[in-house]
Amino acid sequence: QEQLVESGGGLVQAGGSLRVSCAASRLTFSSYALGWFRQAPGSEREFVAAISWSDGATYYADSVKGRFTISRDNAKKMVYLQMNSLKPEDTAVYYCAAAYRFSGDYSLGHNYHYWGQGTQVTVSS
């Protein structure tokens, strides 16, 4: 069973930066597409960013494009989300997710096989 553990959330002022991380436990980490989703109170979960397992291509929601950067370190079995120019509307619980050898619509949560427990990011105005 894959285990994903997020860390790095916290409270930051608008305009600030934060990096959240996700650690995975399986040896075949390099074979997983990885994604970040978020869910604000009273809202549905939404796609934030994803990175492919095959060529490292990245994908972003329009709301975060140009501000957020997803990256992965296969040797450390880590995926990161660097968040810059944060806005109060970025406040949410951020989840990482993994999809084994997946290529397709990364924005759909049902395409992912494993999920972390989430880390809270709060952006104050």
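Summarised in this report is the structure supplied together with it. (Residues numbered from 1 in each chain as written. Predicted model: local features only at pLDDT ≥ 70, side-chain atom pairs only at ≥ 80, totals over all residues. Heavy atoms only, no water.)

**A look at unusual backbone geometry**
Of note in the backbone geometry, Lys77 takes a positive phi value of approximately 55° without being a glycine. You can see Lys77 is positioned in the loop between β7 (68-73) and β8 (78-83). One non-glycine residue with positive phi stands out, namely Ser85, at about 50°. With respect to the helices and strands, Ser85 occurs in the loop between β8 and β9 (92-100). (Helix = DSSP H or I, 4+ residues; strand = E, 2+ residues; numbered from the N terminus.)

**Digging into the nonpolar core**
Formed by 38 residues in total, the largest nonpolar core has its most connected members in Trp36, Leu81, Met83 and Tyr94. At the level of elements, β3 (18-24), β4 (32-39), β5 (46-51), β7, β8, β9 and β11 (119-124) are the ones that each hand at least two residues to this core. For this core, the leading source of residues is β9, giving 6 residues. Once you skip the residues sitting within four places of it in the chain, Met83 turns out to touch Gly16, Ser17, Leu18, Val20, Arg67, Phe68, Tyr94 and Val121. (Core = buried A, V, L, I, M, F, W, Y, C linked by side-chain atoms within 4.5 Å. Buried < 20%, exposed > 50% of the residue type's maximum accessible area, 1.4 Å probe, protein only. Contact = heavy atoms within 4.5 Å.)

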